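Residue-level structural notes
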Amino acid sequence: MKVKKKFKGLSDKAVGWLFIGPSVLLLLAINIYPLVYAIKMSFTNFYANKIGRVPEFVGLKNYIKVLNKEAIWEKMQVTASFMFWTLLLQAIIGLGLALLLNRKFKGNELLTTLIVLPMMLSPAVVGVFWTYLYNPQVGLFNYVVNFFYDFGSFDMIGSSMLAPWSIVIVDTWMWTPFTMLICLAGLRSVPNYLYEAAEVDRANKWQQFIYITLPSVLPFLLLALLFRGIENFKMFDMVVELTSGGPGSATELASINLKREAFEKWKTGYSSAFAVILFVTIFGFGNVYVKVMNKIKER
Amino acid sequence: MAKVELKNLTKTYDKKILALEDINLTIEDGQFFVLLGPSGAGKTTTLRCIAGLEKIDSGSVLFNNESVTEDQPASRDVSFVFQQFSLYPHYTVYENLAFPLRSPMRKLPEDEIKTKIESISKMLKISNKLKNKATELSGGEMQRVAIGRALVREPSIYLMDEPLSSLDAKLRESLRVELKNIQTNLNATILYVTHDQAEATTLADKIGVLKEGKIVQIGTPEEIYENPNSIYVSQRLGSPKINVLPGSLFNINGNTSTFGIRPENILLGTGNYSGKIISIENLGSETVVAINFEGHEVLSSIQGAYKSSINETINFDINTNKVLKFNKEGNRINER
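Just so it is clear, the structure is predicted and the values come from calculations on it, not from any experiment.

1. Focus: the overall build of chain B
From N to C terminus, chain B includes 9 helices and 17 strands. Dimensions of chain B along its principal axes, counting C-alpha atoms only, are 75 × 45 × 35 Å. Relative to its full complement of 336 residues, chain B shows a buried share of 53%. Relative to all contacts within chain B whose residues are 6 or more apart in sequence, the contacts with residues 24 or more apart total 64%. Just so you have it, chain B exposes about 15,400 Å², and 45% of that area is on carbon and sulfur atoms. Charged side chains in chain B number 39 positive and 41 negative. The centres of these two groups are separated by 2 Å.

Encoded structure:
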C-alpha cells in the first residue's frame, strides 16, 4: 500500500492555539486585566479624577464601608425584587407561549418570528420608546389599561410605587421570547411516542404535562433563567433610559448605583470594592445554581 | 379481554399514501394473533389504528361487537408495546410500571399496585432493576420493562409491535416461551406484529399475512405453512426458504407457471435427478445443501450432518405430493 507523504507543517496543537489565540488575547485585554486591576484598586483610596495623586493602600476599608452602608442594601433589595419578578414572569409566560407555539397550526412560524422581535431590539432603544408608551397623557400603555378598567390618571414612571413594576413589565416584554425560544427547543426534543404511550396508558392531558413535558423542559427552562438572572443582576442600559433609577431611588438597581459612585462621584477605590462584591455574589449564586441544575438534569 | 374486529378498514397517510386497504380481521377473545409481513406492509399501522393512535379513513373497529372507531385511545383501553420501547425517561422502572395503574381512569390503591408490579417484574426478571432509572437500562431490559408496562394491566387487547426484535437471540427465545405462557395463563387477547417467522409460528394461534397494506391470507401456522395461497405467502414461512422454480422443471404437469417445494421435500441420494453441490451448511440439527440443477439453485434440508463435498455430483428426488403449484400471477392453483 502506498502511504501519502506525511504533511509537514504546524502540529494540531499549534493550529488549535492559532485559532483560539486572538480571542484569548482579547479576553485577557478587555475582561481579565480590568478585573485584576479593579481588585487591586479596591484596596486603595484611588480617585480616577484626581490626576497625579498616588493612591494609598487602605486594606479592607472600602469593603467595610460598602457593606456597612444602608443605601447599598436598599439597592440590593431593589435588584433582588426586580430579578424575582422578571424571572418568575418570564418563566411562566415563556413556558406558556412555548407550549402554545409547539402545537401545529397555520401561521405558527410567522407568529414565532413576531414574538421573538422584541428580543432583537437594543435595550437602550426599548427603554426610550417605553418612556413614550408609559406617558400618562398620550401613552398607549395607560390608554390600554384604562380601556379595560378606568384607574384614572396614573404615571408608571413617575410614581415610586409603580416605577419598579414599569421596569419589570418592559424587561418581561423584551426577554420572555428568550425563555420561550429555549423552552420551545426543549419541547421539540420530546419524542412524540412518549405522548402516544401515555395516551394508551390512559393518562389525561394534565398527567402527560406533569410526567412527560415538564421534566423534559425543566433543564432548558432553568438554563434560560440562569442566563436571564445573570443579565438582570447587571441590568443597566434599559432602566437608565426608562427611569434613570428614579423616582428618588425607587428603581436604582445596584449596577446603576455603582455607575453613579464610580463615574459621577469618582470614588474609584470604593466603587471597585462594590463591583468586586457584586461579582463575587453573582459568581457564587451562579455556581450554586448550576450545581442544582445539574442535579435536576440527572434526575 | 375482548374480541376485536376490523371491518373494511382503509387508512391513507396524507390522503395519498395508501397504508391499509380494506382490512377484514377478527381476533377472537383469548387468541394470539400474529401479523406477519415485511417492513412497510402495514403491520404497525394496523396496530395503531386499533389503539386509536391513527384516524382511519373508512371502515370500523369493533371491540366485543361494539364500534370504538370514534373513541380516543384512553377509552379504548388497550395496552401497547412500542417497538422503540418508549419508556418515560425521567422515572424509575417501578414508576414506569406503575404509570398505567395510576391513571385517573383506573386508580388502584398503592399496595395493590406494588403487588402487581412485584409479580410482573419477577416474571420478566427485572425485580432487581425496579429502582433504576429507565435510561440506565440495557436495550433488553428496557424492552422487558416496556412489555411489563403493558402486562400490568388487563386491557381489551394487548398490542405488541415487534417487542422482541431488539433482544439477543437467547433472551428472545426465552421471552418468546414466557410470553406464550403468560398469554395462555391470562387467556389474553394479543395482536402481535413481527417479521420473524419463528416468532410467528411458535406464538400464533392464527397468522395474518400482510402484503402492501392488504391481508393476503389468514390461517393457523400449519395452514399458512402447508397450504399457502400464493408464492408470496409461501415465502413468508420456512427456513431455509422454499424453492420457487419454473414449472418446466421436473415435468410438473398442468399449466403451472411456477412451483414451490420446501427444502425438506427434496430427498438426497435417491431419484433420477442429479446436480452439483454448490454449498453445504451444517446448522447442527439439520444440514442445508444447495444443488445446482439445470442452472437453478435447489435447496435441500436433511436431518443431522451430511457427509459430502462441494462440486460433487449428487442424485436427488422430489416429494411430488408436496409440490405447491402457482399460476402466472403467483397464486395457487388446484388448491385442496
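After presenting the structure, the write-up continues.
2. Some words on the overall build of chain A
Within chain A, the regular secondary structure consists of 12 helices and 0 strands. Secondary structure elements in chain A, listed N-terminal to C-terminal, are α-α-α-α-α-α-α-α-α-α-α-α. Radius of gyration (C-alpha) of chain A: 25 Å, far over the 19 Å computed for a compact globule of 299 residues. Taken along the three principal axes of its C-alpha coordinates, chain A extends 85 × 75 × 35 Å. Residues counted as buried form 39% of the 299 residues belonging to chain A. Across chain A, the fraction of contacts at a sequence separation of at least 24, relative to all contacts at a separation of at least 6, is 67%. Both charge centroids of chain A, one from 29 positive and one from 18 negative side chains, sit 13 Å from each other.

3. As for the interface of chain B and chain A
Chain B puts 29 residues into the contact, and the matching count from chain A is 19 residues. Across the interface of chain B and chain A, roughly 2,100 Å² is buried in total on both sides, 57% from carbon and sulfur atoms. Contact with chain A buries area across many residues of chain B, yet His90, Tyr91 and Phe99 of chain B alone supply 27% of it, more than any other trio. At the boundary of chain B with chain A, the tally comes to 4 salt bridges. Across the pair Asp201 of chain A and Arg153 of chain B runs a salt bridge, and its minimum N-O distance is 3.3 Å. At the boundary of chain B with chain A, the tally comes to 10 residue pairs in polar contact (both at pLDDT 80 or more). Contributing elements (two or more residues each) for the side of chain B that touches chain A: helix 1 (43-51), helix 2 (73-76) and strand 6 (78-81) of chain B. A class-by-class count of the residues in the side of chain B that touches chain A yields 15 nonpolar, 7 polar and 7 charged.

4. Focus: the pattern of salt bridges
Across all of its chains, the model carries 22 salt bridges over all chains by this definition. Glu54 of chain B serves as the salt-bridge partner of Arg48 of chain B, at 2.8 Å between the closest nitrogen and oxygen. Where salt bridges share partners, they join Asp201 and Arg202 of chain A together with Asp77, Arg149 and Arg153 of chain B into one cluster.

5. Some points on the sheet that holds strand 9 (residues 206-211) of chain B
Residues and elements named next belong to chain B. Spatially, the 6 strands line up as an open sheet ordered 6-7-8-3-9-10, and their pairing is mixed. The open sheet terminates on both sides in strands that have one partner only, identified here as strand 6 and strand 10 (214-219). Mean inter-strand twist for the sheet, computed between neighbouring axes without regard to direction, equals 20°. Pairing of strand 7 (residues 157-161) with strand 8 (residues 190-194), which is carried by 4 bridges, proceeds in the parallel orientation. Bridging from a neighbouring strand, Tyr158 pairs with Ile190 of strand 8. Seen against the sheet, helix 1 touches strand 3 (32-36), strand 6, strand 7, strand 8 and strand 9 and runs at an angle of roughly 150° to strand 7.

6. Re the domain arrangement of chain B
Residues and elements named next belong to chain B. Domain annotation for chain B reports domain 1 (4-234) and domain 2 (239-326). A separation of 38 Å is found between the C-alpha centroids of domain 1 and domain 2. Taken together, the contact between domain 1 and domain 2 spans 8 residues of the former and 9 residues of the latter. When the two sides are added together, the surface that domain 1 and domain 2 hide from each other amounts to roughly 740 Å², 54% of it contributed by carbon and sulfur. Its largest share of buried area at the contact with domain 2, domain 1 owes to Tyr225, Ile231 and Ser234, together 67% of the area lost on that side. Applying the counting criterion to the domain 1 and domain 2 interface returns 1 salt bridge. Connecting domain 1 to domain 2 are 3 residue pairs in polar contact (both at pLDDT 80 or more). Those elements that place two or more of their residues in the side of domain 1 that touches domain 2 are helix 8 (221-226) and helix 9 (231-236).

Parameters at a glance
- Residues numbered from 1 in each chain as written.
- Chains lettered and ligands numbered in written order.
- Predicted model: local features only at pLDDT ≥ 70, side-chain atom pairs only at ≥ 80, totals over all residues.
- Heavy atoms only, no water.
- Helix = DSSP H or I, 4+ residues; strand = E, 2+ residues; numbered from the N terminus.
- Buried < 20%, exposed > 50% of the residue type's maximum accessible area, 1.4 Å probe, protein only.
- Contact = heavy atoms within 4.5 Å.
- Areas by Shrake-Rupley, 256 points an atom, 1.4 Å probe, with all protein chains shown as cover.
- Lys, Arg positive; Asp, Glu negative; His and termini not counted.
- Charge placed at Lys NZ, Arg CZ, Asp CG, Glu CD.
- Rg over C-alpha atoms; globule rule 2.2 N^0.38 Å.
- Buried area = accessible area lost by both parts, 1.4 Å probe.
- Salt bridge = Lys/Arg side-chain N within 4 Å of Asp/Glu carboxyl O.
- Polar contact = N/O pair within 3.5 Å; in protein donor to acceptor, adjacent residues only side chain to side chain.
- Nonpolar A, V, L, I, M, F, W, Y, C, P; charged D, E, K, R; others polar.
- Pairing = 2+ DSSP bridges.
- Axes fitted to C-alpha atoms, helices over the stretch in contact; angles between N-to-C directions.
- Domains from an automatic or database assignment.

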